[in-house]
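# An overview of the molecular structure
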Amino acid sequence: MEFKTLEDGTTVESKQATASVEEQSLVKPQGLFARIRYYEELLDRKLGVESHSLDRVLPENRQPPNTLAMAFIWASATMNLSCFSTGFMGKEFGLSLGQTIPIMICATFLGACLTGWCATMGPGTGLRQVAISRYSFGFYPSSIIAALNVIEQLGWASVSCITGGQALRAVSDGHISMIVGVVIVACVSLCFSFFGLKAVMTIEQFIWMIAFVVFIIIYGESAHHANLSDPPTVSGMTRSGNVLSLISVIYGSSASWCSIVSDFYVHYPVNTSKVKVFIYTTLGISLPTCIGMLLGACIASALDENPEWAAAYDEGIGEILQTIIYPRGFSKFLLVLLVLCGIGMNCIAIYAGALSAQLFAKPFQKIPRIVWTLIVFACILVIGIAGRDHLLAVLDNFLSLLGYWNTSFFVILFTEHYFFRNGNLANYDLDAWNTPSKLPAGYAGLTAFLCGAAGWIVGMDETYYVGALARKIGTDGGDIANELALVFTSVSYIPLRMLELKYIGR
């Protein structure tokens, strides 16, 4: 038998034998999920679909992305039609443009700071955000965080699909229905999130550039119509209540990322500067969000004096943008680009939602990430199609609710880290993230979280429910749920955690 020798000294036959051994090392298991995981492992080897997404990433196994990706990933997730749509909320609350602008800037930055701090835990631990929460909430109570996280990501992606669907309907002059538009946006997003963190991080570094250019063009064609002298339509205590409600909505849109942010930082080195992580993340969220929101606020202020814009706005976000941008063919091109930019948010939401679903309970970890990705995708389709005609109502209620529980989440993690672990990651047993007996019992975390929930209930101002305290602020009520959540959670967690450590010891 003849053997062909290669440059490295091995033969063709030996190369083939080695490959055969590698293929055989993955023995085909029995059972549906086990077989799916087997093929997921094969895809991971060939395409890098991240089959071991839950495992802690050890320092020696990390391959960090570009450092600036810490900012770019959130710029791509926030600078899109969804944040542009949120900019109209100031007008909906009866506030003037002069009142809306500082509220949006300050509330966005405040919410982004919460996410920026949570991001600093990612490189140091190599763990996903829900797994990190187990060191304060405990193993089993953290399932609540995982469930809320899934709901949160479904909501974000659904909002993005709705705005993308509106844009596609406008581009096609009504030939593409909202349902078809939602399906198209969701399907394109699925294609990228399917391949895992590496694919998501790669695409997220560039999407924001397209959105930035498009938004600057829209600013140029619309900003001179902004009406800074437009008076508010509410006054007195009602105006104060509406200001509080707008702050809650805007704050919630930025703070909502704090429960998933570490999911995307696990491949950065342990010694990555915490200051750098905080600054890049905070600015990566707040600046792009403000660019989109303030554009929406400026256009909203011009609606009363521009009947054509007002009529187009009633038809949807896509219609008003198509009316503003000239020439019409160019406007269609820009709308298509903005639809594609919405994929940035969806990729993050689908990926993080699938991870959180796996972290809900140990039996769920046996179901491959690919399966959870498809389940999350299906839920996004259902929600997006069902809520396609109620965008602003969805934004008002959904974004406020996000802020409520993320405030309590942040307070508990922050207090545990600095008050009980002295701000030192050496005081965390990072190998115990999936071992209930080595983690806190969770009584303190769960009880404090429920105390925070009591604050949400009495302080929230939603379309379908107004809390007892919130309804006392003006005619329309005022949302103070985040403020109450901050106080109730922090006041209860510290003494409860001290008792937990004293009597349970962990």
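Here the structure is a predicted model, which means the values were calculated and not measured.

So, about the environment of T489. Following the sequence through the fold, T489 ends up in helix α22 (residues 481-503). Exposure remark for T489: the relative accessible area of 0% places this residue in the buried category. Spatially, the C-alpha atom of T489 lies 9.4 Å from that of A454, the residues being 35 residues apart in sequence. Setting aside chain neighbours within four positions, we find T489 in contact with S408, V411, I412, A448 and G452.

Below, the discussion takes up the packing of helix α8 (residues 129-137) against helix α9 (residues 142-171). Relative orientation of the contacting elements α8 and α9 amounts to 145°, with a least axis distance of 9 Å. The handedness of the crossing between α8 and α9 comes out as right-handed. Here V130, S133, R134 and F137 of α8 lie close against α9, whose contacting residues are S142, I145, A146 and N149.

Here the focus is the packing of aromatic side chains. Following the criterion strictly, the structure yields 23 aromatic pairs and no others. Geometrically, the ring pair formed by Y135 and Y428 is edge-to-face, given 5.5 Å between the ring centres and 70° between the ring planes. In this pair, Y135 is assigned in helix α8 and Y428 in the loop between α20 (391-420) and α21 (443-459), connecting sequence segments 293 residues apart. On the numbers, 5.2 Å between centres and 40° between planes, the contact of F360 with F364 is tilted. Judged by its relative accessible area of 32%, F360 is partly exposed. Every member of this aromatic cluster is reached through a ring pair, and the members are F137, W405, F409, F449 and W456. The ring of Y428 carries the charged tip of R421 above its face, separated from the ring centre by 4.5 Å. One Lys or Arg, R497, reaches over the ring of F420 and ends 6.0 Å from the middle of that ring.

Residues F109, V275, I279, L283 and L287 make up a contiguous nonpolar surface patch of roughly 450 Å² in combined accessible area. It is helix α13 (residues 274-301) that provides the largest number of residues to the nonpolar patch, a total of four residues. Turning to its location among the elements, L283 is positioned in helix α13.

Conventions we followed
- Residues numbered from 1 in each chain as written.
- Predicted model: local features only at pLDDT ≥ 70, side-chain atom pairs only at ≥ 80, totals over all residues.
- Heavy atoms only, no water.
- Helix = DSSP H or I, 4+ residues; strand = E, 2+ residues; numbered from the N terminus.
- Buried < 20%, exposed > 50% of the residue type's maximum accessible area, 1.4 Å probe, protein only.
- Contact = heavy atoms within 4.5 Å.
- Axes fitted to C-alpha atoms, helices over the stretch in contact; angles between N-to-C directions.
- Left-handed = near helix turned anticlockwise from the far one by under 90°.
- Phe/Tyr/Trp six-rings, centres within 6.5 Å; stacked < 30°, edge-to-face > 60°.
- Lys NZ or Arg CZ within 6 Å of the ring centre and 35° of its normal.
- Patch = residues over 30% accessible without salt bridge, like charges linked within 9 Å, V, L, I, M, F, W, Y side chains within 5 Å.
- Areas by Shrake-Rupley, 256 points an atom, 1.4 Å probe, with all protein chains shown as cover.
- Salt bridge = Lys/Arg side-chain N within 4 Å of Asp/Glu carboxyl O.

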